[in-house]
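# Overview (structure and organization)
Residue strings, one per chain:
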Amino acid sequence: MPTQKYFVFLRSVPGKQEPPSPAQMQEMSAAFKSWRDRFKANIIDMGGMLKPGGRVLTASGVTDGPFAEAKEVVGGYMVVAADSYEGAVEITRQCPGVVRPGSSVEIREIVSQ
């Protein structure tokens, strides 16, 4: 099993997206289950979607955020294990619904202690 961990930020452009139909939801759910089963040894933390809003902490205090005028917002995350960046990219790329128009994914290596 790979031991290097990678943090995956799931970003999208703010705004409303068309919800999938029930048939599309079933198809997406089946594809996601298949992906999850295939990479179960690599998925350390499935993470999840993030609610809009939140708080931003800086040295000068706490404010509401992230802000709607941002070009992209972090909408979710997950942690995967792989032997290399290329492996982490491939695991993430194959996750249904992650790479799509209007979205981007940032993958960062987690420093081992």
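Being a predicted model, the structure only gives us computed values, none of them experimental.

## Observations concerning the overall build of the protein
Secondary structure assignment for the protein yields 2 helices and 6 strands. Along the protein, from the amino end to the carboxyl end, the secondary structure elements read β-α-β-β-β-β-α-β. Oriented by its inertia axes, the alpha-carbon framework of the protein measures out at about 45 × 45 × 20 Å. Here the protein holds 113 residues, and 20% of them are scored as buried. Relative to all contacts within the protein whose residues are 6 or more apart in sequence, the contacts with residues 24 or more apart total 78%. With the model as given, the accessible surface of the protein reaches about 8300 Å², and the carbon-plus-sulfur share is 57%. Here the protein contributes 13 positively and 12 negatively charged side chains, and the mean placements of these two sets differ by 4 Å.

## So, helix 2 (residues 85-93)
Within the sequence span of helix 2, burial applies to Ala88, Ile91 and Thr92. Viewed along the axis of helix 2, the buried residues span an arc of 95°, placing them on a single side of the element. Exposed and facing more than 90 degrees away from the buried side of helix 2 are Glu86 and Arg93.

Parameters and conventions
Counting restarts for each chain: residues are numbered from 1 in the order of the written sequence. Reporting of local features is limited, given that this is a predicted model, to residues whose pLDDT is at least 70; pairs of side-chain atoms are given and counted only at 80 or more, and all residues count toward the totals for whole chains, interfaces and linings. Side-chain calculation: all heavy atoms of the structure are included, whereas hydrogens and water are not. Helix and strand assignments follow DSSP, with helices taken as H or I runs no shorter than four residues and strands as E runs no shorter than two, numbered in order from the N terminus. Each residue's exposure class comes from its accessible area (1.4 Å probe, protein chains only) as a fraction of the maximum for that residue type: buried when under 20%, exposed when over 50%, partly exposed otherwise. Every residue pair with non-hydrogen atoms within 4.5 Å of one another is taken to be in contact. Reported accessibility uses the Shrake-Rupley method at a 1.4 Å probe radius. Residues are deemed covered only where the shown protein chains occlude them. When charges are counted, Lys and Arg are positive and Asp and Glu negative, with His and the chain ends excluded. To locate a charge, take atom NZ for lysine, CZ for arginine, CG for aspartate or CD for glutamate. As used here, the arc belongs to the directions running from the helix axis to the C-beta atoms.

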